[in-house]
Amino acid sequence: MAGVANRLHSASADRAIAEQPAGHDGRSAVDLADYRLLVSSLFSSPGSIIPGGIAGILTPFLCWISTGAELFMALTICVALVVVMRIITVVRYRRLDHAEDTLAQTTRWDREYFFGATVFSAVLGFSCYAALAWTDDPAAHITSVSSTIALASGYVARNAGRPKFVAVQLLTFCVPMAVGLIQAHNPYYQYIGYFAFLYVVANIAITNSLHRNLLALSDATKQSKALATALRSQNLTLDAALNTMIHGLAMFDRKLDLAVSNAPHAALYGIPETLALPGTPISAIARFLVERQVMTPEQVRDIKAALDGVQATQQAAIYELQSRNGRMLVVTIAPAAEGGVLMLTEDATERKATEARIEQMARFDELTGLANRFEFNTQLAEAFRRQERTGETFALLYIDLDGFKQVNDNLGHDIGDRVLVQTAARLKSAIRHNDLLARFGGDEFVLILPATDVATVRMIAQRMIEAMDRAFELDTKTVYVTASIGIALAPVDGAIPADLLRHADTALYKAKAAGRNTATFFDPAMAEEMLERHEIEVDLRQATTEGALELYYQPIIDLRTQEIVTREALMRWRHPTRGMVPPGVFIPIAEQSGLIAGMGDWAIRQACRDAAKWPGGIGVSVNISPLQFREPGRIVETVKNALLLAHLAPGRLTLEVTESLLIEDNKTTLDVINELRAIGVKFALDDFGTGYSSLAYLSTYPFSQVKIDQSFSRDVNSDEASKAVIEAVCQLARRLSMNVVVEGIETEAQRMAVQLLGAQRAQGYLFGRPQPVSEFSKGDEPRKIA
Ligand code: C2E
Ligand code: MG
Ligand code: MG
């Protein structure tokens with residue numbers, strides 16, 4: 001960089017030198033441009049070189065003619081040669097484009113010009129001196145002095161770009177002339193000689209001033225060029241920004257003629273290029289939109305009115321419009337800063353669709369299309385507000401499907417989902433269109449029935465139950481799913497949403513307990529019962545960890561031999577304040593709270609341990625809850641381990657299951673039964689006759705024993721139907737090689753009756769009440785019943 005600075009210096013580029021900072025490329029590039037401009041100014045008026053050159057040649061020539069001195073002839077030739085050389089230089093320079101000249105190239109042109117001009121002025125200066133000092137010819141004097149002065153003046157104007165040139169040339173021109181004049185003996189010549197110095201000084205000053213102006217001009221030119229470039233690039237950026245905007249943008253002036261618009265605007269409205277030109281009146285665009293049926297005349301009229309309105313009020317306005325091709329356009333019209341209006345158009349088709357979908361997803365259940373829990377809560381709160389305002393009562397129906405879990409588990413979620421979809425349709429068919437039915441989650445639905453009396457609510461609930469009480473036909477599968485409904489009335493059964501829901505849920509629980517497929521209204525006694533259940537649950541949880549449960553045993557007798565063949569283990573819970581809690585109370589609670597699994601495991605282990613101590617191969621029966629079969633691996637494991645640990649022969653263990661387990665028709669149930677039967681464990685069907693009493697179960701499942709419910713033995717002597725059932729079951733059992741146990745024998749008459757009907761075994765207070773091991777191990781066991 002220092003090198004560049006030096007070269008500039010040697011080229012006497014004064015301004016360039018002054019502004020040349022060492023080591024900064026950006027600045028030097030700018031200075032080089034200045035330098036180029038100054039140098040090009042030297043070559044800018046070739047027209048003046050020729051007359052100047054001719055005047056230069058003529059000066060020594062006229063002196064030669066006038067004086068006849070040969071020196072002037074030689075000088076004439078010399079000047080002519082220099083002039084020719086300079087013309088060649090100018091022509092060469094002007095033939096080329098110097099915009100990209102390097103510093104070295106520019107310097108070369110600068111020097112060449114300087115050299116030519118300096119030789120020219122020096123030769124003429126010498127010619128002038130020679131004419132003044134060595135001749136007395138007045139014509140030669142006048143010619144030389146006047147042409148020297150004239151040519152020097154020309155230099156000032158012409159070479160102002162390079163002031164030092166001018167100085168050098170003025171000196172080479174005028175100093176010889178001045179010396180020649182001062183040497184003359186004529187005082188007037190001497191005055192003129194001294195004036196010549198003043199002339200030189202004044203002209204140098206003028207040159208400098210011209211030079212400064214030239215530089216200022218150059219700066220101004222550069223600035224305006226830079227400004228134009230910046231403006232152009234700004235326009236390009238703005239154009240690019242406008243056209244890459246997603247939204248359509250159009251700006252109208254005060255007359256509502258189009259001022260500017262972007263490509264998306266034209267695309268959104270299908271406007272051709274000719275109508276997107278600045279100055280297009282809005283009426284022309286409007287006509288086009290209507291003709292091409294992009295918009296209806298009403299829409300166009302509205303938009304125009306909105307544009308006018310915004311201009312008048314200076315208040316932005318938003319306008320939504322559905323274009324004829326189905327796009328949803330959101331048009332924002334706002335006042336523009338400089339007057340006129342700005343129209344921004346967004347194609348909101350996708351956004352609106354997404355918003356609608358999000359709204360739908362937030363409020364509605366995706367599967368059934370019913371309101372979801374969130375929407376239901378909102379509507380329930382609204383129903384309460386309405387109730388407060390108008391006093392209108394309403395009912396809340398809590399609907400839960402019976403047996404849905406089994407459908408889902410056994411047939412898969414696809415079938416489960418289809419059942420739910422069809423359930424939604426069936427439930428809806430039972431209600432009015434504007435009643436709010438929501439899916440609360442899983443297989444639970446809720447319904448708000450406004451302003452209805454109890455009879456109507458009951459009627460609608462019944463209609464829903466009936467709608468569900470038909471088989472679902474899904475592909476090749478027939479599925480039965482019924483509905484249980486709990487009903488609570490607002491505000492009597494609950495004055496806030498949470499209470500009303502809880503009480504409807506309580507009523508639902510009751511409906512389930514009452515055998516399902518039914519509707520139950522809430523009553524406050526239920527709430528107390530629920531509270532008690534809750535307390536029992538808490539205590540039971542504690543009891544299971546503290547070992548407060550016991551097993552009592554009740555004998556099962558062989559009616560022919562009167563001997564105890566098996567003892568049934570019956571669970572007992574000695575509650576610290578409630579006393580002995582019967583299993584009928586705590587087993588359902590254990591089932592509902594999930595405690596049954598642990599309690600059931602314990603019962604199996606304990607029963608095996610106890611039975612292992614019994615003499616005479618007396619067996620033990622353990623009741624198994626259907627819920628224990630939900631964990632098939634666990635029950636199999638528990639039974640096997642219990643037998644192993646107690647060293648009890650598997651053949652001595654009978655597991656009692658109820659029909660409800662079989663209704664679920666679970667393949668895993670059969671797998672569990674078969675796996676345990678394979679090691680010798682027996683199975684008994686308990687409480688036969690209370691449920692579906694399907695004789696088919698007896699032949700489908702490999703039971704070794706069926707226990708007829710005590711309700712049949714109770715009136716066996718008075719009721720023919722009971723008799724018939726016992727007899728039929730006994731016959732079938734015999735054919736299937738099963739034992740029959742009749743439960744609940746309390747009297748001798750009952751014993752005789754059932755024995756006559758074909759029963760081999762019996763169980764009941766007549767033979768022994770359930771008692772703890774400690775009681776019957778006192779020595780009266782085993783015994784024959786007399
Ligand atoms: P279950 O298996 O049918 O048991 C027979 C029930 O009848 C017992 O009631 C027994 O005390 C009662 N009973 C026996 N003989 C007579 C009689 O002559 N007259 C009358 N009125 N009743 C008689 P308990 O012990 O209250 O058990 C009720 C039910 O609780 C059982 O019915 C059984 O289903 C269930 N349970 C008992 N222990 C367990 C257990 O460890 N696990 C499971 N899952 N359930 C159990
Ligand atoms: Mg039993
Ligand atoms: Mg029973």
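Residues numbered from 1 in each chain as written. Chains lettered and ligands numbered in written order. Predicted model: local features only at pLDDT ≥ 70, side-chain atom pairs only at ≥ 80, totals over all residues. Heavy atoms only, no water.

As named in an unreviewed UniProt entry, the protein is Diguanylate cyclase (GGDEF) domain-containing protein, taken from Bosea lupini.

Caption draft 1: Main features of the side chain of threonine 638. Along the chain, threonine 638 turns up in helix α22 (residues 632-646). According to the relative accessible area criterion, threonine 638 is buried, its value standing at 9%. Leave out the neighbours within four places in its chain, and threonine 638 touches Asp601, Ile604 and Arg605. (Helix = DSSP H or I, 4+ residues; strand = E, 2+ residues; numbered from the N terminus. Buried < 20%, exposed > 50% of the residue type's maximum accessible area, 1.4 Å probe, protein only. Contact = heavy atoms within 4.5 Å.)

Caption draft 2: Just the coordination of the magnesium ion (ligand 2), in detail. All of the protein donors around the magnesium ion (ligand 2) are Glu568 (OE), Asn623 (OD1), Glu656 (OE) and Asp686 (OD); their distances to the metal are 2.0 to 2.2 Å. Motif for the magnesium ion (ligand 2), donor spacing along one chain: E-x54-N-x32-E-x29-D. A relative accessible area of 30% means that asparagine 623 is categorised as partly exposed. Judged by its relative accessible area of 1%, glutamate 656 falls in the buried class. (Donors = N, O, S within 2.8 Å, 3.2 Å for Na, K, Ca; no water.)

Caption draft 3: Molecular detail of the packing of aromatic side chains. All told, the structure shown has 14 aromatic pairs when counted by the stated rule. Summarising the aromatic geometry, the rings of tryptophan 573 and phenylalanine 586 are spaced 5.9 Å apart at their centres and angled 80° between planes, so their arrangement reads as edge-to-face. Within this pair, whereas tryptophan 573 is found in strand β14 (residues 563-575), its partner phenylalanine 586 is found in helix α20 (residues 583-593), the two being separated by 13 residues in sequence. Both residues of the pair, tryptophan 573 and phenylalanine 586, count as buried. Every member of this aromatic cluster is reached through a ring pair, and the members are Phe43, Tyr93, Trp109 and Tyr113. For the cation-ring pair, arginine 86 lies above tyrosine 113, with the distance from its terminal atom to the ring centre recorded as 5.1 Å. Note that arginine 769 overlies the ring of tyrosine 765, its terminal NZ or CZ placed 3.9 Å from the centroid. (Phe/Tyr/Trp six-rings, centres within 6.5 Å; stacked < 30°, edge-to-face > 60°. Lys NZ or Arg CZ within 6 Å of the ring centre and 35° of its normal.)

Caption draft 4: Layout of empty space enclosed by the protein. Tallying each qualifying case throughout the model produces three cavities of 30 Å³ or more. The computed volume of the largest cavity comes to approximately 120 Å³. Looking at the largest cavity, it is lined by 14 residues, and the ones nearest its centre are Ile282, Ile285, Leu289, Ile303 and Met343. Residue classes in the lining of the largest cavity are distributed as twelve nonpolar, one polar and one charged. Roughly 40 Å³ of internal volume is contained in the second largest cavity. Counting residues per element, the lining of the second largest cavity draws most heavily on helix α14 (residues 373-390), which supplies three residues. Partitioned by chemical class, the residues of the lining of the second largest cavity number four nonpolar, two polar and two charged. (1 Å grid on protein atoms, 1.4 Å probe; cavity = no way out; pocket = protein on both sides within 12 Å on 5 of 7 lines; lining within 4 Å. Points joined across faces, edges and corners; volume = space filled by probe spheres on them. Nonpolar A, V, L, I, M, F, W, Y, C, P; charged D, E, K, R; others polar.)

Caption draft 5: Representation of the site of ligand 1 in the model. Around ligand 1, the surrounding shell holds 21 residues, and the nearest of these are Gln554, Glu568, Asp686, Glu746 and Tyr765. Between a nitrogen atom of ligand 1 and a side-chain N or O atom of glutamine 554, the distance comes to 2.8 Å. Tyrosine 765 places a main-chain nitrogen or oxygen 2.8 Å from an oxygen atom of ligand 1. Protein coverage of the free-state accessible area of ligand 1, which is 790 Å², stands at 82%. The set of elements that each furnish at least two residues to the shell around ligand 1 consists of β14, α20 and β18 (682-688). (Near = heavy atom within 4 Å. Polar contact = N/O pair within 3.5 Å; in protein donor to acceptor, adjacent residues only side chain to side chain. Areas by Shrake-Rupley, 256 points an atom, 1.4 Å probe, with all protein chains shown as cover.)

Caption draft 6: Region of interest: the domain arrangement of the protein. If you check the domain split of the protein, you get domain 1 (4-228), domain 2 (239-347), domain 3 (357-525) and domain 4 (553-571 + 596-778). Each of domain 1 and domain 4 was reduced to a C-alpha centroid, and the two centroids are 135 Å apart. (Domains from an automatic or database assignment.)

Caption draft 7: Structural view of the UniProt feature "transmembrane region" (unreviewed entry) in the protein. As recorded in UniProt, the feature "transmembrane region" (unreviewed entry) lies at residues 37-59, 71-93, 113-132, 164-182 and 188-206. In this annotation, residues 37-59 is assigned 87% helix and 0% strand; the end-to-end C-alpha distance for the span is 32 Å. (UniProt positions renumbered as here; feature names shortened; annotations may be inferred.)

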